[in-house]
Structure formats: structure tokens, C-alpha cells
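Structure at a glance
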Amino acid sequence: MTKVRIGVVGVGHLGKEHARILSQMEGVDLVGVADPSRGQAEAVALRCNTLAFGNHKDLIGKVDAAVVAAPTILHHEVATELLKGGVSLLVEKPLAKDLDQCRELNQLALDRNLLLQVGHIERFNPAYEELVKTGLSPRYIVCKRTSSFPGRSLDVGVVLDLMIHDLDLVLDLLKDTPTRVEAFGAAIMGGFEDMAQVRIHFARGAIVDLMASRVHPDPCRSMDIWGPEGYAGVDFAKRTLKLWQQGTIFRQGFEANKLDGPAMGQFRAELFTRHLENQIITCEPCDQLTRELEDFRDGLMGKKTVRVTGEHGVRAVELASLILKSIDQHPWTATPFGPSGPRDLPTSKGQLFATTQKEAAA
Ligand SMILES: NC(=O)c1ccc[n+]([C@@H]2O[C@H](COP(=O)([O-])OP(=O)(O)OC[C@H]3O[C@@H](n4cnc5c(N)ncnc54)[C@H](O)[C@@H]3O)[C@@H](O)[C@H]2O)c1
């Protein structure tokens, strides 16, 4: 079998994992890794038994495809040069930092008949795959994604860094157009928004609430979905899917207010054991990054269409742009010239309690 020749561009926190997996993957020849941090490129190349390059352009002509895992603000520049050099790409999420850049990249790939995949890795989470299989038709979705401060990806805010995962999933589930977005966010570490709270209305009536924070003591990645068939709860970290549905009694024109005292007592006692049925699906542990890269390899070999295309990457950033616009415009004091946006919060009136830091006593 002919192997696909792949390079990895940007071998920091995530790129080094791409390189490690590709170096061991059947059907792949990891030609090299490129990173302007020469020491990092050489260390990863040594571990992966491949070549180190200081510039992504050095890969052009040597590879069929590349993974771009450089900082988000560089995706457009790096990906443009590689696509123009005839290299198919898996670009880490988000596809690029703004909508114009995303559209340009997608068009460039289409014009040159090159594969463009985007690294929305939660699509390969087995709990999400189980959810899709249920056929639940979502009417209301609540997404929560929190992490402790990563100290990375500070070239963008939490919407493009974390919430983008959920935006892609919601668009995949609903296959519908957003009609209204209400959002606010706050910058805690300076720079961009570190937390965001969002409500999106969709054309066919579904409503989605999303919350993301990257300065949070309790990491969480969850999605709750309600539809006419029942409720589903996905825990992306534990890879579990909880399902609840109404039992037979509800399908027979049941009305709780018609029950007399003893019947109501019995009904309440049996509600969660009999009348509301539930199931928990615990998925086998698997490596999502490997599955995403296998999808990329198979797409390059022409075996299948990749799950997350450039078009999906564009749509996720399109929705993120509407959210960021709403966050920027949020007036904290409902006055036209008052504080607005993620950085310009109302002036603090003091502290909640006496500081516990040692310097305060000094
Ligand atoms: N899919 C996911 O769940 C997920 C998780 C983490 C990060 N990411 C994405 O991956 C990308 C990288 O994130 P990270 O956390 O690995 O960042 P990182 O800072 O750890 O690594 C980035 C690497 O890119 C290198 N670099 C800088 N300029 C470059 C250039 N011009 N060409 C090539 N390499 C360059 C840096 O030297 C560094 O080694 C970001 O877009 C981020 O959003 C995705």
C-alpha cells in the first residue's frame, strides 16, 4: 500500500501528540515536523524518528498533507501557504481567527481540489456518536464547557478556544440556521473574554444555551438535550450518555392532577423507577485524536469523506462571530455610552471580603 506523506506544523502541546500518533500510524509516512522553535522541532522529531524543519514551507513538495497545530492567529497565513503549495490540510480548531480568513481557506482548498479537515475533535467522542445514533430531535440544548486556566491559546478568547467545540456540535445536531444570538462575556485575565454566556435561537424553533469559562475551578464538558422523544445528557470527559424517556403511562393520556391522594403517593414513589425510564451508556475508552487522524488519512487515500470538513469549520466560526459581536456590544449598565464588551466592565465598588493575601498585612 502506498503511504500518505504527512508533516506536522507547530509541535507544541497538541502538535507533538499529532506527530506521535502519525509516526506510528499504518499507511502514513511522517516526513517531518516544522516549528520555528528549533529545539522543540528537534526534540519531537527525535522522539518520532523523523526530520525537523524550522519553517512550514520546507515541507512543500515533500508531503501530500499536513496537520496545522500552530497558534490560531497563524492558521490563515500558514494554511494559505501550504494550500498554495498543493498540500492538503487538517487544521486544528478553530479553522482561523475570523470568518473572512476561514472562508478564504475553504475556497482555496475547493479551488485546488485539496482536502481540508478541521480539528473539531468532539465529533469523534464515542458518547457524542451514541447520542447521534439515538435520533433524538433536539428542541433545547444546554452546553457547559469549563477548564482551569490553560495558560495557552491566549491569542483568542474562550469562544474561539473552547465554546467552538460546542458550536460545531450544535450545528451538526440541528442542521439549522441561527436567527438570534444574545451573549455576554468577561475578560478575567485581560485580553479576550475568558467566560461567555450565550443564548441562540434557531430558525426551526430550537433554543441553545451555552456557557464556557477557561478560568474555572471545576473542569466540565457536558451537553443536555431535550426533545419530544426524551432527554439525553452527554458527559464528554467521562464518555457517558444518560437517556431518559417517558414510560407507557404518559403515552396513555396521563394527567397527574386527576390522581387522588393514594394514587399520587404511589405514582411519586414509582416515578423514577417505573414511569420515567432511563439508561446509561458508558463508552469504551478510546483515543479521539487517533480516530480524527485516521479519518484524515482515509480521506487522503480517497476511502471516504472526512467527518469535519472546511465548510463545517467555516460555519462554526460564522456562529462564533455572531456571538463575539453580541459580547462586544453588551451594555453592562444599559446606557448608550456606559461600559460594554468583555473588558470594559462597570467600575468595582470594592472587595467582597477582606483580602487573605499576606501582602495585605505588610
Ligand atoms: N482540538 C482540540 O481540542 C485542541 C486542543 C488544544 C489546542 N488546539 C488548537 O491547536 C492549536 C495549537 O494549540 P497548542 O495548545 O498546541 O499551542 P502551543 O502554544 O502549545 O503550540 C503551538 C506551537 O506552534 C509553534 N509555532 C509558532 N509559530 C509557528 C509558525 N509560524 N509555524 C509553525 N509553528 C509555529 C510554537 O512554537 C509552538 O510549538 C491552536 O489552534 C489550538 O486552538 C486544539
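Residues numbered from 1 in each chain as written. Predicted model: local features only at pLDDT ≥ 70, side-chain atom pairs only at ≥ 80, totals over all residues. Heavy atoms only, no water.

1. What to know about the overall build of the protein
Applied cut-off: Helix and strand labels come from DSSP, where a helix needs a run of H or I of at least four residues and a strand needs a run of E of at least two; each type is numbered from the N terminus. The rule is simple: take the accessible area with a 1.4 Å probe, protein chains only, and divide by the maximum for that residue type; under 20% is buried, over 50% is exposed, in between is partly exposed. Accessibility throughout is a Shrake-Rupley quantity obtained with a 1.4 Å probe, and a residue counts as covered only by protein chains that appear here. All tallies of charge rest on Lys and Arg as positive and Asp and Glu as negative; His and the ends of each chain are not included. Taken as the charge centre is NZ of Lys, CZ of Arg, CG of Asp or CD of Glu, depending on the residue.
When you go through the protein residue by residue, the secondary structure sums to 10 helices and 14 strands. Here the C-alpha coordinates of the protein stretch approximately 80 × 65 × 40 Å along the principal axes. Split into buried and exposed, the 362 residues of the protein put 47% on the buried side. As displayed, the protein offers around 18,400 Å² of accessible surface, 53% of which is attributable to carbon and sulfur atoms. For the protein, the distance from the average position of its 42 positive side-chain charges to the average position of its 46 negative side-chain charges is 1 Å.

2. Quick look at the site of the ligand
Put simply, the test is: Nearness here has a simple test: a residue counts as near a molecule or strand if at least one of its heavy atoms is within 4 Å of that partner. For this analysis, a polar contact is any N or O atom pair within 3.5 Å, provided that within protein one partner can donate a hydrogen and the other can accept it, and provided that sequence-adjacent residues contribute only side-chain to side-chain pairs. Under the grouping applied here, Gly and all other residues not named as nonpolar or charged are polar, the nonpolar ones being Ala, Val, Leu, Ile, Met, Phe, Trp, Tyr, Cys and Pro and the charged ones Asp, Glu, Lys and Arg.
The local shell around the ligand holds 23 residues, among which His13, Asp35, Thr72, Lys93 and Arg152 are the closest. Separating an oxygen atom of the ligand from a side-chain N or O atom of Asp35 is a distance of 2.6 Å. With respect to the ligand, the backbone of Gly119 contributes an N or O atom lying 3.3 Å from a nitrogen atom. Protein contacts shield 80% of the accessible area of the ligand, which totals 840 Å² for the unbound molecule. Its residues assigned to classes, the shell around the ligand comprises 10 nonpolar, 9 polar and 4 charged.

3. Some words on the pattern of salt bridges
Which entries qualify depends on this criterion: For this document, the term salt bridge refers to a Lys or Arg side-chain nitrogen within 4 Å of an Asp or Glu carboxyl oxygen.
Applying the stated criterion across every chain yields a total of 26 salt bridges. Two residues, Glu17 and Lys16, come together in a salt bridge whose shortest N-O distance is 3.2 Å. The salt bridge involving Asp161 is made with Arg214; its shortest N-O contact spans 3.3 Å. With Asp161 in helix α6 (residues 158-174) and Arg214 in the loop between β10 (207-213) and β11 (220-227), the pair connects residues that are 53 residues apart, well separated along the chain. Linked by salt bridges that have partners in common, Lys93, Asp161, Asp194 and Arg214 make up one network.

4. Some words on the nonpolar core
Test applied: Among the buried residues, those of types Ala, Val, Leu, Ile, Met, Phe, Trp, Tyr and Cys that are joined through side-chain atoms within 4.5 Å form a nonpolar core. Note that the domain bounds were set by an automatic or database domain assignment. Should any heavy atoms of two residues lie within 4.5 Å, those residues are counted as being in contact.
Counting 71 residues, the largest nonpolar core has Leu89, Leu131, Leu167, Ile200, Phe202, Met223 and Ile323 as its most contacted members. For this core, the element with the highest residue contribution is α6, accounting for 11 residues. Of the residues that make up this core, three or more belong to each of domain 1 (4-122 + 288-306) and domain 2 (126-282). Those residues in contact with Ile200, other than ones at most four positions away along the chain, are Leu167, Pro178, Arg180, Val181, Ala206, Ile207, Val208, Leu210, Leu319 and Ile323. Core analysis: the second largest hydrophobic core is formed by 22 residues, Ala45, Ala65, Val67 and Leu293 among them.

5. Re the sheet that holds strand β8 (residues 178-186)
Threshold: Here, strands pair whenever DSSP counts at least two bridges between them. In this analysis an axis means a line fitted to C-alpha atoms, helices contributing only their contacting stretch, and an angle means the value between N-to-C directions, from 0 to 180 degrees.
One open sheet accounts for 8 strands, arranged β8-β9-β10-β7-β11-β12-β13-β14; its pairing is mixed. Two strands in the sheet have a free side with no partner beyond their single neighbour: β8 and β14 (276-282). Across the sheet, the mean angle separating the axes of adjacent strands is 10 degrees when strand polarity is ignored. Bridge count between β11 and strand β12 (residues 230-235): 6 bridges; the pairing is antiparallel. Among the inter-strand pairings, Trp226 is bridged to a residue of β12, identified as Tyr231. The sheet strands contacting helix α5 (residues 126-134) are β11, β12, β13 (240-246) and β14, and the helix crosses β13 at an angle near 25 degrees.

6. A short note on the sheet that holds strand β5 (residues 88-92)
Taken together, 6 strands build an open sheet; the order of strands is β3-β2-β1-β4-β5-β6 and the sheet is parallel. The open sheet terminates on both sides in strands that have one partner only, identified here as β3 (51-53) and β6 (116-119). Strand-to-strand twist in this sheet, taken as the mean axis angle between neighbours without regard to direction, amounts to 25 degrees. Pairing analysis gives 3 bridges linking strand β2 (residues 28-34) to β3, with the strands arranged parallel. Paired with Val33 across the bridge in β3 is Ala52. Running at roughly 170 degrees to β5, helix α3 (residues 75-84) makes contact with β1 (4-9), β4 (65-68) and β5 of the sheet.

7. Some points on the packing of aromatic side chains
This is how the line gets drawn: The criterion for an aromatic pair is that two Phe, Tyr or Trp rings (for Trp, the six-membered ring) have centres within 6.5 Å, with stacked assigned to planes under 30 degrees apart, edge-to-face to planes over 60 apart and tilted to the rest. Both a distance and an angle decide whether a charge sits over a ring: NZ of Lys or CZ of Arg must be within 6 Å of the ring centre and within 35 degrees of the ring normal.
Within the structure shown, the criterion is met by 7 aromatic pairs. An aromatic cluster is present here, built from Tyr140, Trp226 and Tyr231 joined pairwise through their rings. Across from the ring centre of Phe236, 5.3 Å away, lies the NZ or CZ of Arg145, which sits over that ring.

8. Describing the pairing of strand β9 (residues 195-202)
The side chains of a regular strand alternate between both faces of the sheet. Most of β9 sits inside the fold, with 6 of its 8 residues counted as buried. Bridge count for β8 against β9 is 8 bridges, and the pairing is antiparallel. Residue pairing in the sheet places Val181 in a bridge with Ile200 of β9. Note: β9 against β10, 7 bridges, orientation antiparallel. Looking across to β10, one finds that Gln197 is bridged to Met211. Taken together, β9 and the strand that follows it, β10, pair antiparallel across an intervening segment of 4 residues, in which Gly205 is found at a positive phi of about 100 degrees.

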